[in-house]
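What the coordinates show
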Amino acid sequence: MPAPEPSSPQSASADVERILRGPSGLGTAGLRLVRREEPPTPPAPSAVPAEGDPIPGLYHHPVPEPDPVRVEEVGRRIKAWALDEVDLYPEEWEEQFDGFSVGRYMVACHPDAPTVDHLMLATRLMVAENAVDDCYCEDHGGSPIGLGGRLLLAHTALDALHTTQEYQPRWAESLHSDAPRRAYRSAMEYFVRASTPSQADRFRHDMARLHMGYLAEAAWAQTDHVPEVWEYLAMRQFNNFRPCPTITDTVGGYELPADLHAQPAMQRVIALAGNATTIVNDLYSYTKELASPGRHLNLPVVIAEREGRSERDAYLKAVEVHNDLMHDFEAEAAAVAVAFPVPALRRFLRGVAAWVDGNHYWHQTNTFRYSLPDFW
């Protein structure tokens, strides 16, 4: 049997678009991955698209403006949860909470979520993860000193402690002792009720990865160590967004079977997606971090120091690194879709791709938090 003709670059690109982003063209605008239980509401005539310029030269896919009705409802619900259920933040942090625009973020990242209830699964976890990062690691009282102990105890809100009857009550009480643990506990309870045991365990594993990345960055901060570029990228493979796109099936109301999720090729796709989205954060938060006290490690900073480049050249090199990761992600995802022609797997890949695109959209348009350097 003769070997198939090699694909042209144009046809390969079309295959990627078809597999990762679904059908396009005349008559396909109404096609969805799943029937939504809530009818979509058209934007109000006065709705204005979100502002913000993309980074010049950054490879990305634009996304439609998120459904404003869903954005508003998710925003209302998450603020009520934060204030009334978990007492997440003091009054003086309200502007920052609102400026995070988490409703717009999650609606953009999960376009196939059947209901707002499904969107809230991801939204609570996102807010809880940021509370841990801010309060334990970053600018709201965080410190590398003693971080391991704090993260370990917070992780037990996700992965419960199984101990003796004598000590169980003290642990249970501890889950209410600070805002990060209260948020983790509550968000995980909602998630476990909506997910399968396999999906919940997958999330716990990804959160352990995240916490290990936090610890590596904290260790470098304590010793004032600037890692090699490859070392930094290794840390960022763990301290990254991976827990967010890997719950896309739970948020979508279906399940990618565990044996397919565990395939090495699928694990590579998920890792590449997490790595690319995290470098997006490095690039859009660059000026914000430079203006903060102390030295914040991000990819342009590490490239500048380790490769002896100017700030501008290091930033542009980081854009290239992101673009390479994105191209690899898309090529590997297309290959996995061909190797395992299972509807749930292809839908999961489209969900991860949608999360990658929505993550970029949020960083690009969140001008409350981010601004670009003057390098062009």
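The name an unreviewed UniProt entry gives the protein chain is Terpene synthase, with Streptomyces rapamycinicus as the organism. Its UniProt record gives the protein chain the following Sequence similarities (unreviewed entry) comment, quoted word for word: "Belongs to the terpene synthase family. 2-methylisoborneol synthase subfamily." Reading the Catalytic activity (unreviewed entry) entry of the UniProt record for the protein chain gives the comment "(E)-2-methylgeranyl diphosphate + H2O = 2-methylisoborneol + diphosphate".

The next subject is the nonpolar core. Among the nonpolar cores identified, the biggest contains 101 residues, and Leu88, Tyr105 and Phe329 are the most heavily contacted of them. The leading source of residues in this core is helix H5 (residues 116-137), at 14 residues. Setting aside residues no more than four positions away along its own chain, Leu88 makes contact with Ala82, Phe97, Val127, Ala131, Ala179 and Ala183.

Note that an α-helix has 3.6 residues per turn; residues three or four places apart therefore point the same way. What helix H10 (residues 229-238) keeps buried is the set Val229, Tyr232, Met235 and Arg236. The buried side chains of H10 occupy one side of the element, clustering within an arc of 120° when seen end-on. Those residues of H10 that are buried are in contact with helix H9 (197-222), helix H13 (264-284) and helix H15 (299-307).

Another aspect to go through is the packing of helix H8 (residues 179-194) against H9. Pairs of packed helices are described in terms of their axes, by the angle between the two and the distance that separates them. Here H8 crosses H9 at 150°, and the two axes come no closer than 10 Å. Comparing the axis directions of H8 and H9 gives the class roughly antiparallel. Viewed along their axes, H8 and H9 form a crossing whose handedness is right-handed. Taking contact as the criterion, the partners of Tyr184, Met188, Phe191 and Val192 in H8 are, on H9, Gln199, Ala200, Phe203, Arg204, Met207 and His211. Residues of the contact of H8 with H9, tallied by class, amount to seven nonpolar, two polar and one charged.

Criteria and cut-off values
Residues numbered from 1 in each chain as written. Predicted model: local features only at pLDDT ≥ 70, side-chain atom pairs only at ≥ 80, totals over all residues. Heavy atoms only, no water. UniProt positions renumbered as here; feature names shortened; annotations may be inferred. Core = buried A, V, L, I, M, F, W, Y, C linked by side-chain atoms within 4.5 Å. Buried < 20%, exposed > 50% of the residue type's maximum accessible area, 1.4 Å probe, protein only. Helix = DSSP H or I, 4+ residues; strand = E, 2+ residues; numbered from the N terminus. Contact = heavy atoms within 4.5 Å. Arc of directions from axis to C-beta. Axes fitted to C-alpha atoms, helices over the stretch in contact; angles between N-to-C directions. Parallel < 35°, antiparallel > 145°, perpendicular 65-115°, else oblique. Left-handed = near helix turned anticlockwise from the far one by under 90°. Nonpolar A, V, L, I, M, F, W, Y, C, P; charged D, E, K, R; others polar.

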